[in-house]
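Given next are the chains, with one letter for each unit.
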Amino acid sequence: MKAKLLLCLPLLCSFVLLCSCKDDDDKFSPSSNIEDEFHTRYPNAKDVSWDSENGYTVAKFRQGTEYSQAWFTGNALWVMTNTAIQFPALPQAIQDSYNGSYYADWNIDDVMRLERIDTKMLYIIEVDKDPYSLDLQYASNGILINVIPHQSDELYLPVTIPQEVKDYISAKYPAGEIMQYSKIGYDYVADILEGVTPMHVVFDKNYNWLRTYWEVYYINLPQPVKDSVTTNYAGYKVLFSRQVESPSGTTYIVRMVSAAKETEITFDPDGNVVAEKDL
């Protein structure tokens with residue numbers, strides 16, 4: 001038995017040594033041009049480690065108490081940095097907006113600052129109240145851009161905005177700032193901020209414009225639309241209203257609820273019902 005153990009020990013040591021070497025070999029190292037670009041952008045970065053994710057080179061690092069990930073393409077083009085921050089580190093305008101919102105008494109799970117190429121800075125507050133978990137997406141001036149079901153951080157990836165989309169938005173909404181760009185189903189959606197109005201510009205797979213929609217206060221709807229709601233939907237409570245622009249013209253969507261059901265009505269500017277959908 002001792003002889004067998006003595007024979008096995010050198011083999012075991014060799015195996016451990018090989019595994020150790022393999023772990024060292026598997027440690028990811030960035031190209032020198034990416035590393036140079038990173039240190040130019042973040043000269044005070046500490047505790048830097050590198051990884052490869054979704055075809056990008058990712059630097060994970062710390063600056064003060066903030067932990068970030070910076071994403072680069074193979075040719076050293078910076079495309080995104082996401083940073084975990086604390087609620088008090090948010091711009092005051094966002095703190096005030098959140099504290100005065102419907103979600104002020106929800107639990108705050110995480111807060112993230114998201115910087116991406118070709119878009120403005122976006123802040124995400126992850127909140128939950130059983131059974132819901134939501135991401136509140138804010139512009140730095142405190143305007144709420146989107147409320148969506150919570151996504152894990154891994155789904156906030158770098159995006160490439162096609163030139164056709166940028167050109168259309170620049171021509172159609174010259175004051176609009178692109179906050180984010182994403183694929184939803186078969187369509188592509190650019191969320192923009194024009195003044196204080198968040199707008200959602202939708203394109204098909206070939207980047208042809210399909211429609212633009214945004215929330216409007218019920219009081220600002222055309223009078224014929226409000227008259228139609230009052231006449232035909234007495235007893236309903238309006239939840240929200242939305243204006244939609246498309247190549248075929250302008251419509252208004254009003255979502256309402258009664259004791260019996262929730263419904264979504266589409267009106268033309270003259271107050272005629274174009275479509276009705278029970279929810």
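Some words on the packing of aromatic side chains
Right, on to step 1. Throughout the structure, instances matching the rule amount to 16 aromatic pairs.
Right, on to step 2. On the numbers, 5.2 Å between centres and 75° between planes, the contact of Tyr 103 with Trp 106 is edge-to-face. Like Trp 106, Tyr 103 is buried.
Right, on to step 3. One aromatic cluster is present, built from ring pairs that chain together Phe 38, Tyr 42, Trp 50, Phe 61 and Phe 72.
Right, on to step 4. The side chain of Lys 172 reaches across the aromatic face of Trp 209, ending 5.8 Å from its centre.
Right, on to step 5. Over the aromatic face of Tyr 188 sits the side chain of Lys 183, whose NZ or CZ is 5.8 Å from the ring centroid.

Digging into the nonpolar core
Right, on to step 1. Val 165, Ile 169, Tyr 181, Ala 190, Ile 192, Phe 203 and Phe 267 are the most contacted members of the largest nonpolar core, which has 25 residues in total.
Right, on to step 2. Sorting the residues of this core by element identifies helix 4 (163–172), strand 9 (176–184), strand 10 (187–194), strand 11 (197–203), strand 12 (209–216), helix 5 (223–232), strand 14 (249–257) and strand 15 (262–267) as the ones contributing at least two each.
Right, on to step 3. Ignoring anything within four residues of it in the chain, the contact list for Phe 203 reads Val 165, Tyr 168, Ile 169, Asp 187, Tyr 188, Ala 190, Asn 208, Trp 209 and Leu 210.
Right, on to step 4. Core analysis: the next-biggest nonpolar cluster, separate from the first, contains 15 residues, Trp 71, Val 79, Met 80 and Ile 143 among them.

Quick word on the sheet that holds strand 6 (residues 122–129)
Right, on to step 1. Pairing is antiparallel across the open sheet formed by eight strands, whose spatial order is 1-2-3-4-5-6-7-8. Each edge of the open sheet carries a strand with a single partner, namely strand 1 (46–53) and strand 8 (144–149). Pairs of neighbouring strands in the sheet enclose a mean axial angle of 20°, with direction left out of account.
Right, on to step 2. As judged from the seven bridges shared by strand 5 (residues 107–116) and strand 6, these two strands associate in the antiparallel manner.

About the cut-offs
- Residues numbered from 1 in each chain as written.
- Predicted model: local features only at pLDDT ≥ 70, side-chain atom pairs only at ≥ 80, totals over all residues.
- Heavy atoms only, no water.
- Phe/Tyr/Trp six-rings, centres within 6.5 Å; stacked < 30°, edge-to-face > 60°.
- Buried < 20%, exposed > 50% of the residue type's maximum accessible area, 1.4 Å probe, protein only.
- Lys NZ or Arg CZ within 6 Å of the ring centre and 35° of its normal.
- Core = buried A, V, L, I, M, F, W, Y, C linked by side-chain atoms within 4.5 Å.
- Helix = DSSP H or I, 4+ residues; strand = E, 2+ residues; numbered from the N terminus.
- Contact = heavy atoms within 4.5 Å.
- Pairing = 2+ DSSP bridges.
- Axes fitted to C-alpha atoms, helices over the stretch in contact; angles between N-to-C directions.

Everything listed here is a matter of geometry and, on its own, says nothing about what the molecule does.
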